[in-house]
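Here are the chains, one letter per residue:
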Amino acid sequence: MMLAVILGGIAAIQPALAQSGPAAFCGTALAATVKNVFTLIQFGGPLVGGVIALGATVALPVARRADYKLELKEARNQAILWGVIVAPLGTTIVAFLLNNIVAGGSSCGF
């Protein structure tokens, strides 16, 4: 099992090792696309999550049925959890991995 993990890790980093020069990955179109996706997730996630959470909070006193109130509370909690907490934290962790592992320590500015 441990050997499979080590061999899988070596196979996963071979594309990064094949890059020529420290900033070869940073100049590719893939790096620009990844940076754009990170920006969208990092800023769009809290924006959408905040709007959904605010809308659910505002609509909560208007709801009369208990099951509908429960759904609104669950939507509010999930919007805060995934939109406001997980999205920025996840992009920070993945950006750290890309900057330090995939790009070989070069600062691509993800």
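Residues numbered from 1 in each chain as written. Predicted model: local features only at pLDDT ≥ 70, side-chain atom pairs only at ≥ 80, totals over all residues. Heavy atoms only, no water.

Here we take up the pattern of salt bridges. A complete count under the given rule lists one salt bridge for this structure. Among the salt bridges present, the one from Arg65 reaches Asp67, with a minimum N-O distance of 3.2 Å. (Salt bridge = Lys/Arg side-chain N within 4 Å of Asp/Glu carboxyl O.)

This part is about the confidence of the model for the protein. Within the protein, residue pLDDT values average 77, and 68% of them lie at 70 or more. The element-level mean pLDDT for the protein is lowest in helix α1 (residues 2–17), coming to 55, with helix α2 (residues 29–59) highest at 85. (pLDDT = per-residue confidence, 0-100. Helix = DSSP H or I, 4+ residues; strand = E, 2+ residues; numbered from the N terminus.)

Moving on: a nonpolar patch on the surface. A contiguous nonpolar patch, built from Ile80, Leu81, Trp82, Val84, Ile85 and Val86 and spanning about 500 Å² of accessible area, is present on the exposed surface. Relative to the assigned elements, Leu81 resides in helix α3 (residues 66–102). A relative accessible area of 36% means that Leu81 is categorised as partly exposed. (Patch = residues over 30% accessible without salt bridge, like charges linked within 9 Å, V, L, I, M, F, W, Y side chains within 5 Å. Areas by Shrake-Rupley, 256 points an atom, 1.4 Å probe, with all protein chains shown as cover. Buried < 20%, exposed > 50% of the residue type's maximum accessible area, 1.4 Å probe, protein only.)

This brings us to α2. The first and last C-alpha atoms of α2 sit 43 Å apart over 31 residues, in line with the 45 Å expected at 1.5 Å per residue. Largest kink in α2: about 30°, centred on Gly44, with the proline Pro46 one to four residues after it. All buried positions along α2 are accounted for by Ala31, Val34, Phe38, Gly45, Gly49, Ala53 and Ala56. (Expected span 1.5 Å × (residues − 1). Bend = angle between axes of the 7 residues up to and from the residue.)

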